[in-house]
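So the chains spell out like this:
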Amino acid sequence: MFAYINLLYLLIAVGSASPIVYPRTTNDTNPFVFTNSNGLNFTQMNATLPNVTIFATGGTIAGSSSSTTATTGYTSGAVGILTLIDAVPAILNISNVAGVQISNVGSEDVTSTLLLKMAKQINEFVCGDPTMAGAVVTHGTDVLEETAFFLDATVNCGKPVIIVGAMRPSTAISADGPYNLLEAVTVAASPLAKDRGAMVVMNDRIVSAYYVTKTNANTLDTFKAIEMGNLGELISDTPYFFYPPVKPTGKKAYSIANVTSIPRVDILFAYEDMHNDTLYNAVLSGAKGIVIAGAGAGGVSTSFNYAIEDVINNYGIPIVQSTRAMSGEVPTSDISTDSALHIASGYLNPMKSRVLLGILLAHNKNMTQIAKAFAGSTDD
Ligand code: DAS
């Protein structure tokens, strides 16, 4: 019945000169005034504004602490999506928003199962709905770059997918979450944000999800793409893009419509005096792919390199060599030998390399196909 009334109102709106507006209700037990065809609820529906869906996963942006000065030691994911939206009424001047509570966890607890659920729901509720302008994902910052990379690779309808977090809990003085959320919804609702892939919007910056990384464990300006720079910024909540829409070199799109799980991929850190058994332990523990956070441009010890080549040739496990350095490229030339197919990560850091390798294994790509997919990040 409710949906029928909505449809009636929308028909009137389409027919009438002045667009219909469902103002916010004061009814706290049922704050929703509109339900769309996918069953998503809105606390306002103003037909003159774009529609954005916010997918909440938890993290500091939804964190709380008894102290207003604490920026550590708080509870992640303590606050639900409606509370987040209600804390920033200015959002409703920019966009109608629906909220989907995917999870409410610290980002360290986000799993590949959650990532698949997120990507499938964004594809269904945003890409599949012509009335929806874009998506926002609220997320913990610690592994945000991995989720951002995964969504950038698996949601490719051209609509903006904006990942946002906070470095201070919502209870802190000058909490950054509310303004970050306002900026994220603003970009998700902006026609300028189309065809740019997923982006991370935090601290007034707009950064490509393909390249962004968390550069500092504590500070508000932590998310950067060190060599590639920002795609744009926001000033007084107005987005400015520095370039026309552009695709990162080598980026490819992958469907996860028929993917039900992502194979295990482990990351091993290179260091002085590293031991080979860590590699064999990962393989024997069930890893179907390995990423090495190599020293410099993918470097490992001579002995460990023998182990790599043994695992590639005799266990058939793909091994991607990335760098433990904060930025830079691992070119094929720096790691290749005649005795095994070493796979270079290009400009992808170990965390993003692991996400890409997992997606490629989920699509049953062989080592040669995997090597070509990574080579695209520099040679395309
Ligand atoms: N609580 C940590 C997380 O969920 C940090 C954060 O969100 O900023 O990633």
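It should be emphasised that the depicted structure is a prediction, and the values quoted were computed from it without experimental measurement.

Conventions and cut-offs
- Residues numbered from 1 in each chain as written.
- Predicted model: local features only at pLDDT ≥ 70, side-chain atom pairs only at ≥ 80, totals over all residues.
- Heavy atoms only, no water.
- Core = buried A, V, L, I, M, F, W, Y, C linked by side-chain atoms within 4.5 Å.
- Buried < 20%, exposed > 50% of the residue type's maximum accessible area, 1.4 Å probe, protein only.
- Helix = DSSP H or I, 4+ residues; strand = E, 2+ residues; numbered from the N terminus.
- Contact = heavy atoms within 4.5 Å.
- 1 Å grid on protein atoms, 1.4 Å probe; cavity = no way out; pocket = protein on both sides within 12 Å on 5 of 7 lines; lining within 4 Å.
- Points joined across faces, edges and corners; volume = space filled by probe spheres on them.
- Nonpolar A, V, L, I, M, F, W, Y, C, P; charged D, E, K, R; others polar.
- Disulfide = S-S within 2.5 Å.
- Salt bridge = Lys/Arg side-chain N within 4 Å of Asp/Glu carboxyl O.
- UniProt positions renumbered as here; feature names shortened; annotations may be inferred.
- Pairing = 2+ DSSP bridges.

> Go over the nonpolar core, please, and point to the residues and values.
Counting residues in hydrophobic clusters, the biggest one holds 92 residues, and the most contacted among them are Val136, Phe150, Leu151 and Leu181. The dominant element in this core, judged by the number of residues it contributes, is helix α3 (residues 112-127), at eight residues. Residues contacting Phe150, with those up to four places away along its chain left out, are Leu115, Leu116, Ala119, Ile256, Ile262, Val355 and Ile359.

> Any details on empty space enclosed by the protein? Residues and values, ideally.
Any empty space left between atoms is shown by rolling a water-sized probe over those atoms. Scanning the model with the defined rule gives four cavities of 30 Å³ or more in all. Taken as a whole, the largest cavity encloses approximately 160 Å³ of empty space. If you go around the largest cavity, you meet 19 residues; those closest to its centre are Tyr211, Met326, Ser327, Tyr347 and Asn349. In terms of residue class, the lining of the largest cavity is made up of nine nonpolar, seven polar and three charged.

> Can you explain the state of the cysteines? Please cite residues and give values.
Throughout the structure, instances matching the rule amount to one disulfide. Across a sulfur-sulfur distance of 2.1 Å, Cys127 and Cys157 are joined as a disulfide pair. Torsion about the S-S bond of the Cys127 and Cys157 cystine: about -65°, corresponding to left-handed handedness. Taken as a pair, Cys127 in helix α3 and Cys157 in the loop between α4 (144-154) and β8 (161-164) lie far apart in primary sequence, 30 residues in all.

> Any details on the pattern of salt bridges? Residues and values, ideally.
Within this structure, the stated rule accounts for five salt bridges. Here Asp142 and Lys214 are joined by a salt bridge, their closest N and O atoms 2.7 Å apart. Residue Asp142 is located in the loop between β7 (134-138) and α4, and its partner Lys214 is located in strand β11 (residues 213-214); the two are separated by 72 residues in the primary sequence. Classification of Asp142 by relative accessible area gives partly exposed; the value is 40%. Residue class for Lys214 comes out buried when judged on its relative accessible area of 16%. With a closest N to O distance of 3.5 Å, Lys224 and Asp221 form a salt bridge. On the accessibility criterion, Lys224 (33% relative accessible area) is partly exposed.

> Give me unusual backbone geometry: which residues, what numbers.
The backbone phi angle of Ser174 is positive, close to 50°, even though this residue is not glycine. Looking at the secondary structure, you find Ser174 in the loop between β8 and α5 (177-188). The backbone of Asn203 shows a phi angle near 55°, a positive value even though the residue is not glycine. Tracing the backbone shows Asn203 in the loop between β9 (198-202) and β10 (205-208). Note on Asn203: relative accessible area 22%, which makes it partly exposed.

> Account for the UniProt feature "active site" (unreviewed entry) in the protein chain, with residues named and values stated.
UniProt's entry tags Thr60 with the feature "active site" (unreviewed entry), counted in the numbering of this structure. Within the fold, Thr60 resides in the loop between β5 (51-58) and α2 (81-86).

> How would you summarise the sheet that holds strand β16 (residues 289-294) if you had to cite specific residues and measurements?
Across the sheet, which stays open at both edges, the four strands sit in the order β15-β16-β17-β18 with parallel pairing between neighbours. Bordering the open sheet on either side are β15 (265-269) and β18 (343-344), each of which pairs with just one other strand. Bridge analysis of β15 against β16 gives five bridges, and the strand direction is parallel. Directly across from Phe269, in β16, lies its bridge partner Ala293.

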